[in-house]
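Understanding the architecture of this molecule
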Amino acid sequence: MEANTSVDMFSKVLENQLLQTTKLVEEHLDSEIQKLDQMDEDELERLKEKRLEALRKAQQQKQEWLSKGHGEYREIPSERDFFQEVKESKKVVCHFYRDSTFRCKILDRHLVILSKKHLETKFLKLNVEKAPFLCERLRIKVIPTLALVKDGKTQDYVVGFTDLGNTDDFTTETLEWRLGCSDILNYSGNLMEPPFQSQKKFGTNFTKLEKKTIRGKKYDSDSDDD
């Protein structure tokens, strides 16, 4: 009997909370509708112009990004091109790859998708064999490595697949989430909740390298298949 009473009380509390929330939402909507009703033609015209201006700016920004090579996943021929590319764009993801490492091809598939979705970020790839100086400077030791460059400076790295659930079968959303954690693209999901499962097992420790020099020139592969 006591248990039934407790359940009834709990149900009533939840119902009251739901009703209060619904009431607040309705009041807010009523308030916004009332504001629109009270606007004269000049105010409505100014509001319309303001929104149109915002759309024009967004379109101009999109065209500027496209003119700088955003919107596609591109290979650059040399390390000299890298410096020019990162100088032009605020946010850049560069995949340091090697043809013989199959995990680089896995990354390629996801980066093609993200490059089309996130125009605010430039996505590049560079063969490590053509960039010995740059690999020394950025301490690229494991292939594949993603260098995350913001405002012309390398802010973070994604080394191998450890941050991506430690599996070859990670999703594009998982990579998107990881890049969002470094603010290198605009991630709309919850950064506190990685998309991959077994979060506690894999953890969320990221590889960040502060120094820009390397100890040697040999590249280690994060893949068993070279």
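Refer to the preceding data block for the structure.
All residue numbers refer to position in the chain's written sequence, counted from 1. Given that this is a predicted model, residues contribute local features only at a pLDDT of at least 70 and side-chain atom pairs are listed and counted only at 80 or more, while totals for whole chains, interfaces and linings are drawn from all residues. To get the side-chain values, all heavy atoms of the structure are used, and hydrogens and water are removed first.

Some thoughts on the overall build of the protein
The line we're drawing: Helix numbers and strand numbers start at the N terminus; a helix is a DSSP run of H or I with at least 4 residues, a strand a run of E with at least 2. Only protein chains enter the accessibility calculation, which uses a 1.4 Å probe; a residue is then buried when its area is under 20% of its type maximum, exposed when over 50%, and partly exposed in between. In what follows, residue pairs with any heavy atoms lying within 4.5 Å of each other are defined as contacts. Only the protein chains shown count as cover for residues, with accessible areas throughout obtained via the Shrake-Rupley method and a probe of 1.4 Å.
If you tally the helices and strands in the protein, you get 7 helices and 7 strands. Of the regular secondary structure in the protein, the N- to C-terminal order runs α-α-β-α-β-α-β-α-β-β-β-α-α-β. Looking at the protein as a whole, 36% of its 226 residues are labelled buried. Look at the contacts in the protein between residues 6 or more apart in sequence, and 71% of them connect residues 24 or more apart. Carbon and sulfur atoms make up 50% of the accessible area of the protein, which amounts to about 14600 Å² in all.

Section: helix α2 (residues 41–67)
Inclusion rule: Under the convention used throughout, the expected extent of a helix is 1.5 Å for every residue step, that is, one less than its residue count.
For α2, with 27 residues, the first-to-last C-alpha span of 39 Å sits near the 39 Å given by 1.5 Å per residue. Positive phi shows up at G69, right after α2, with a value of about 95°.

Quick notes on the nonpolar core
One broad rule of soluble globular proteins: the nonpolar side chains tend to lie buried together. For clarity, the cut-off: As used here, the term nonpolar core means buried Ala, Val, Leu, Ile, Met, Phe, Trp, Tyr and Cys residues forming a set that is joined through side-chain atoms within 4.5 Å.
Formed by 21 residues in total, the largest nonpolar core has its most connected members in F82, F96, L126, L134, L138 and I140. Sorting the residues of this core by element identifies α3 (79–88), β2 (91–97), β3 (122–127), α5 (132–138), β5 (145–150) and β6 (153–159) as the ones contributing at least two each. A per-element tally of this core places β2 first, with 4 residues. Here F82 is in contact with I76, C94, F96, L126, L134, L138 and V149, once residues within four sequence places are set aside. Core analysis: the second largest hydrophobic core is formed by 20 residues, I106, F161, L175 and F196 among them.

Structural notes on the state of the cysteines
Our working definition: Pairs of cysteine sulfur atoms within 2.5 Å are what we label disulfides.
Under the counting rule described, the total for this entry stands at 0 disulfides. This cysteine, C135, is not joined by any disulfide, and C94 carries the nearest cysteine sulfur, 9.0 Å off.

Considerations on the packing of aromatic side chains
So the rule is basically this: Side-chain rings of Phe, Tyr and Trp (the six-membered ring for Trp) are treated as a pair once their centres are within 6.5 Å; stacked means planes under 30 degrees apart, edge-to-face means over 60, and tilted covers the remaining angles.
Throughout the structure, instances matching the rule amount to 3 aromatic pairs. Between F82 and F83, the ring centres sit 5.7 Å apart and the planes meet at 80°, which makes this aromatic pair edge-to-face. The exposure class of F82 is buried, given its relative accessible area of 3%. Assessed through its relative accessible area of 31%, F83 is described here as partly exposed. A ring pair is formed by F161 and F170, whose centres lie 4.9 Å apart and whose planes are at 75°; its orientation type is edge-to-face. Given a relative accessible area of 2%, F161 falls into the buried group. When its relative accessible area of 4% is taken as the criterion, F170 is described as buried. An aromatic cluster is defined as three or more aromatic residues linked by ring pairs; in this entry it consists of F82, F83 and F96.

In short, geometric facts, not functional conclusions.
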